[in-house]
Protein chains: 2
Amino acid sequence: MNFTFLGTGAGMPAKERNVTSMALGFPEYDGDLWLFDCGEGTQRQVLYTSVKLTKLTVIFVTHLHGDHLFGLPGILGSRSFQGAETPLHLIGPVGLKEYVETSLKLSGTHLHFPVTVIEIEHNGVVYENAHFVVTARELDHGIKSYGYRVTEKDQQGELLVDKLKAIGVTPGPIYKLIKEQSEVELPDGTKLETAAFIGEKRKGRIITVLGDTRTCAATVELAENADVLVHEATFRGDAEQLAHDYHHSTSIQAAETARQSSVKTLILTHLSSRYQRKEQLGLLNEAKSLFPHTFLAHDLWHFQLKMQPRA
Amino acid sequence: MNFTFLGTGAGMPAKERNVTSMALGFPEYDGDLWLFDCGEGTQRQVLYTSVKLTKLTVIFVTHLHGDHLFGLPGILGSRSFQGAETPLHLIGPVGLKEYVETSLKLSGTHLHFPVTVIEIEHNGVVYENAHFVVTARELDHGIKSYGYRVTEKDQQGELLVDKLKAIGVTPGPIYKLIKEQSEVELPDGTKLETAAFIGEKRKGRIITVLGDTRTCAATVELAENADVLVHEATFRGDAEQLAHDYHHSTSIQAAETARQSSVKTLILTHLSSRYQRKEQLGLLNEAKSLFPHTFLAHDLWHFQLKMQPRA
Ligand SMILES: [Zn+2]
Ligand SMILES: [Zn+2]
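Residues numbered from 1 in each chain as written. Chains lettered and ligands numbered in written order. Predicted model: local features only at pLDDT ≥ 70, side-chain atom pairs only at ≥ 80, totals over all residues. Heavy atoms only, no water.

(A) How the structure looks around the interface of chain A and chain B. Contact residues are listed per partner, giving 36 residues for chain A and 36 residues for chain B. Overall, the association of chain A and chain B removes approximately 2900 Å² of surface from exposure, summing both partners, and the carbon and sulfur fraction of that is 58%. Across the contact surface, chain A and chain B share two salt bridges. For the pair chain A and chain B, the interface holds 12 residue pairs in polar contact (both at pLDDT 80 or more). Of all elements in the fold, only helix 1 (42-46), helix 3 (72-81) and helix 4 (96-106) of chain A reach the threshold of two or more residues within the side of chain A that touches chain B. Per-element tally for the side of chain A that touches chain B: the top contributor is helix 4 of chain A, with six residues. (Contact = heavy atoms within 4.5 Å. Buried area = accessible area lost by both parts, 1.4 Å probe. Salt bridge = Lys/Arg side-chain N within 4 Å of Asp/Glu carboxyl O. Polar contact = N/O pair within 3.5 Å; in protein donor to acceptor, adjacent residues only side chain to side chain. Helix = DSSP H or I, 4+ residues; strand = E, 2+ residues; numbered from the N terminus.)

Put into C-alpha cells, the structure is as follows:
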C-alpha cells in the first residue's frame, strides 16, 4: 500500500505545498489506485509522481471546500485523455454530483469512461471491493466533512498442497471444499479435519484518512487501532483557539487522537501556509513529544505500508 | 501595458507549460489588472509573478473548456482571502454564471467582494472603462469561443499652459473651455482659436486576445491593425488537418492572420504538449518566416507594450 502525497497545504496553494490530495496505490492488488481529495492542480502534481490515472478506480472526497475539490474535473478529463475506459467511483458529501455534472457539462468535457457518484447520506459503509471495506463518519468542520476508515479483509490461509499430497489427496474439486469447510469426506469415505492443511491467516490492515475537522469523538473512533492515521494539522499546538474557530485541528490534537486511538503511525498533512519550514519542524516535534511515531507529509512524499505478516 | 503569461499550454497541464491564462496589467492606469482565461492552477502560477490579485478588476473568459476555466473559482477565493473588497467583473460565454455560482455555492466559498458576471449574448462591446473599450466576436471552436479586441481611447493633447500664460491667459475655468472648444471668448472679448494651445494627441493602443479557434473571418477582423495579437498555436504548420479536426490553429495560420491583419506584434501561445522544446522552436521559426515580428510565449514570460508616442 503506497501513500503518495500530491498536495499537503491548506486553503490556498503555496510554492512549497499545493492544496490537498493523496493517492493510495495497491501494487499488491494489480496496481489499483484511489485518491483522497483532489485540490486544484492535482493533475499537474501527478506528473511528478509514478501515479497512473488510468489505474484509478475510486476518488474519496472528504468535503467540498475548494482546496479539496477544485482539481476534480481536471483529473477526470486527464484520465479520459490518457485513454482510461474503466469505471470510476466518486464518493463524497451531498453536492458532489451537482458539482461534477455542472463542471463537465458546461466545459463540454466528454469522458470515455462511466462515472458513478455516491453521495454519503449517513455514516456507514460507503465502498467495498474484494479486498477492502470503507466506512465513512461525519466529522466536525462547519460543512459536511467525512473521515474514511479503510479496512482490509483478512486473508484466509493458503492450502498446504504438499501436505495434502503427502497423505494422497491430489488436486481436484476437493481442494475447494477443504478451504471452505472444517471437515470434508474424502473419496475413500474417510473424514478429514481441514484445519491442519490450511496455512496461517493474514490480518488485514486498517488505514484512516480524515477530512478537515476539529477533534471529536468520530476522529478517535475512525482511527481506532489503525495502522496509519492521516490527520490534518492546519495549526500549531499554540493556536488551539484559532483551530477551533476555523473548525480545524492542531498538530497536538492530531497526536492526542493518534494516542487515544492506539494507531501505529500518524501522518500529519494540510498545513497552513503561515508556517515556514522551521516552524513546520516545530509542529512535527510537538506532535512527536506526545506520539513518537509521527511523520509530517510534504508534497510528493511517499510512504509505504507493508502487508501484515501471516500469523 | 504588461502581459504576463501564466499558462501557455493546451488541453492538459505539462511540467513545462500550465494550462491557459494571461494577465494584462496597466501600471500606467493605477496598476489595474485583467486576466484572460483562468485554467486550473492559475492561482499557483501567480505566486511566481508580481501579479497582484487585489488589483484585478476584470476576468475575460474566451470559452468554457476546462483548460481555460477550471482555475476560476480558486482565483476568486484567493483574491478574497488576500483581502480584496473591490468589485470584480467576469465576462464570457453563456454558462459562465452557472459555473461560477455552482462552484462557489457547493464549496461554501464566501467572497468579500461583489462579482458581476456578464454573459456575452452577441458580438459587440462587452466592457468599457475610462481608458478602454473591449469588443468580443465569436470565433470557430466547436463550442462558443470569443476573441477580444481591446481598444485604448485616444488621449487628448495637454493644454500648453506656458504658451497661454505668455499671451496673458491665466489659469481658471477658461482652461476647461479651451480644452473642449475650438474657439473661446476671452474675458476681454477677443476670440481665441484654441488648436494652437493644445499639445499633441496620443493614439490609443489596440490589443487582440483570441480564444481557441480555427482561422476564420472573425480572427482577421478582431486583429486588424492591432499592436499585439495573442493567438493560439496548438499545432505546427504540418498538422493543418489535425488543427481543423480539433477546431484549432497552426502556427502558420496564426502568422497568416497576423500578416493579413497588419498587426505589429504576434504572440503565439496555447501549444500542444506533443511538441518538445526543439520542435517548439521550429513552430516559432515557421511562423516568423511568414510574419517576422513573432514571439513564442512560455510560462511566466513577460512582455511590455509601451504607450504610443504623442503625435
Ligand atoms: Zn476544509
Ligand atoms: Zn478550447
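Now, onward.
(B) Layout of the coordination of the zinc ion (ligand 1). All names here are of chain A. Protein coordination of the zinc ion (ligand 1) is provided by H63 (NE2), H65 (ND1), H141 (NE2) and D212 (OD), with donor distances spanning 2.2 to 2.4 Å. Taken together, the four donor atoms coordinating the zinc ion (ligand 1) and their angles of 83 to 175° define a geometry best described as irregular. Read N to C, the donor residues that coordinate the zinc ion (ligand 1) are spaced as H-x1-H-x75-H-x70-D. A residue pair is termed long-range when its members are at least 10 positions apart, and H141 in the loop between strand 8 (132-138) and strand 9 (146-152) and D212 in the loop between strand 12 (206-210) and helix 7 (217-223) qualify at 71 residues. Among the residues examined, D212 registers a relative accessible area of 2% and is labelled buried. (Donors = N, O, S within 2.8 Å, 3.2 Å for Na, K, Ca; no water. Tetrahedral: all angles 85-135°; square planar, octahedral: opposite > 155°, others 65-115°. Buried < 20%, exposed > 50% of the residue type's maximum accessible area, 1.4 Å probe, protein only.)

(C) Looking closely at the coordination of the zinc ion (ligand 2). All names here are of chain B. The protein atoms that coordinate the zinc ion (ligand 2) are H63 (NE2), H65 (ND1), H141 (NE2) and D212 (OD), at distances spanning 2.2 to 2.4 Å. If you look at the zinc ion (ligand 2), its four donor atoms make angles of 83 to 176° with each other, and the shape they trace is irregular. Donor residues for the zinc ion (ligand 2) sit on one chain with the sequence pattern H-x1-H-x75-H-x70-D. With H65 in the loop between strand 4 (56-60) and helix 2 (66-69) and D212 in the loop between strand 12 (206-210) and helix 7 (217-223), this pair connects stretches of sequence that are 147 residues apart.

(D) Structural view of the confidence of the model for chain A. Here chain A shows a mean pLDDT of 96. Residues at 70 or above account for 100%. The ipTM value of the predicted complex is 0.91, and its pTM value is 0.91. (pLDDT = per-residue confidence, 0-100.)

(E) Geometry of the sheet that holds strand 8 of chain A. Residue and element names in this part refer to chain A. On the basis of which strands lie adjacent, the open sheet formed by seven strands has the order 7-8-9-12-13-14-15 and mixed pairing. Whereas interior strands pair on both sides, the edge strands pair on one side only; in this sheet they are strand 7 (124-128) and strand 15 (294-296). With strand direction ignored, the average angle separating the axes of adjacent strands in the sheet is 20°. Sheet strands touched by helix 10 (residues 277-290): strand 14 (265-269) and strand 15. Its angle to strand 15, the strand with the most contacts, is close to 165°. (Pairing = 2+ DSSP bridges. Axes fitted to C-alpha atoms, helices over the stretch in contact; angles between N-to-C directions.)

(F) Structural context of the pairing of strand 3 (residues 32-36) of chain B. Residues and elements named next belong to chain B. Of all five residues in strand 3, five are buried; the element is thus mostly enclosed. Every second residue of strand 3 is oriented toward a common face, with D32, W34 and F36 on one face and L33 and L35 on the other, all of them buried. The pairing of strand 2 (residues 21-26) with strand 3 spans five bridges and is classified as antiparallel. Within strand 3, the position partnered with L24 by the bridge is W34. Between the antiparallel neighbours strand 2 and strand 3 lie five residues, among them D30 with a positive phi of about 60°. Alignment of strand 3 against strand 4, held across four bridges, turns out to be parallel. Directly across from W34, in strand 4, lies its bridge partner V58.

(G) Structural context of the UniProt feature "binding site: Zn(2+) 2" (unreviewed entry) in chain A. Residues and elements named next belong to chain A. UniProt's feature table lists "binding site: Zn(2+) 2" (unreviewed entry) at D67, H68, D212 and H270, given in the numbering used throughout. For the annotated residues, spread through 204 residues, the largest C-alpha to C-alpha distance comes to 10.7 Å, consistent with a single compact locus. Contacts of D212, omitting those with residues within four sequence positions, involve H63, H68, L139, H141, S145, E232, H248 and H270. Relative to the helices and strands, H270 resides in the loop between strand 14 and helix 10. (UniProt positions renumbered as here; feature names shortened; annotations may be inferred.)

(H) Focus on the state of the cysteines. Taken as a whole, this structure holds zero disulfides over all chains when the rule is applied. No disulfide involves C38 of chain B; its sulfur sits 17 Å from that of C38 of chain A, the nearest cysteine. (Disulfide = S-S within 2.5 Å.)

(I) View of the relation of the copies chain A and chain B. Placing chain A over chain B gives an RMSD of 0.2 Å and needs a rotation angle of 179°, together with 0.0 Å of translation along the axis. The symmetry that links the two subunits is that of a two-fold axis. No C-alpha of chain A approaches the rotation axis more nearly than that of G41 of chain A, which lies at 2.5 Å. In this assembly, 100% of the residues forming the interface of chain A have copies in chain B that are likewise at the interface, indicating an isologous arrangement. (Least-squares fit on C-alpha atoms with pLDDT ≥ 70 in both.)

(J) Inspection of the pattern of salt bridges at higher detail. Residues and elements named next belong to chain B. Scanning the model with the defined rule gives 30 salt bridges over all chains in all. Close ionic contact of R137 with E221 constitutes a salt bridge, the shortest N to O distance being 2.8 Å. Of the two residues, R137 is situated in strand 8 (residues 132-138) and E221 in helix 7; the sequence distance between them amounts to 84 residues. Judged by relative accessible area, R137 falls into the partly exposed class, the value being 30%. The partner of R205 in a salt bridge is E152, and the shortest N-O contact between them spans 2.7 Å. Taken as a pair, R205 in the loop between strand 11 (191-193) and strand 12 and E152 in strand 9 (residues 146-152) lie far apart in primary sequence, 53 residues in all.

(K) Representation of the packing of helix 3 of chain A against helix 4 of chain A. Residues and elements named next belong to chain A. The N-to-C vectors of helix 3 and helix 4 enclose an angle of 60°; their axes lie 10 Å apart at closest approach. Here helix 3 lies oblique to helix 4, going by the angle between them. In this structure, helix 3 crosses over helix 4, and the sense of that crossing is right-handed. Across the interface between the two elements, L72, P73 and L76 of helix 3 pack against L96, Y99, V100, S103 and L104 of helix 4. (Parallel < 35°, antiparallel > 145°, perpendicular 65-115°, else oblique. Left-handed = near helix turned anticlockwise from the far one by under 90°.)

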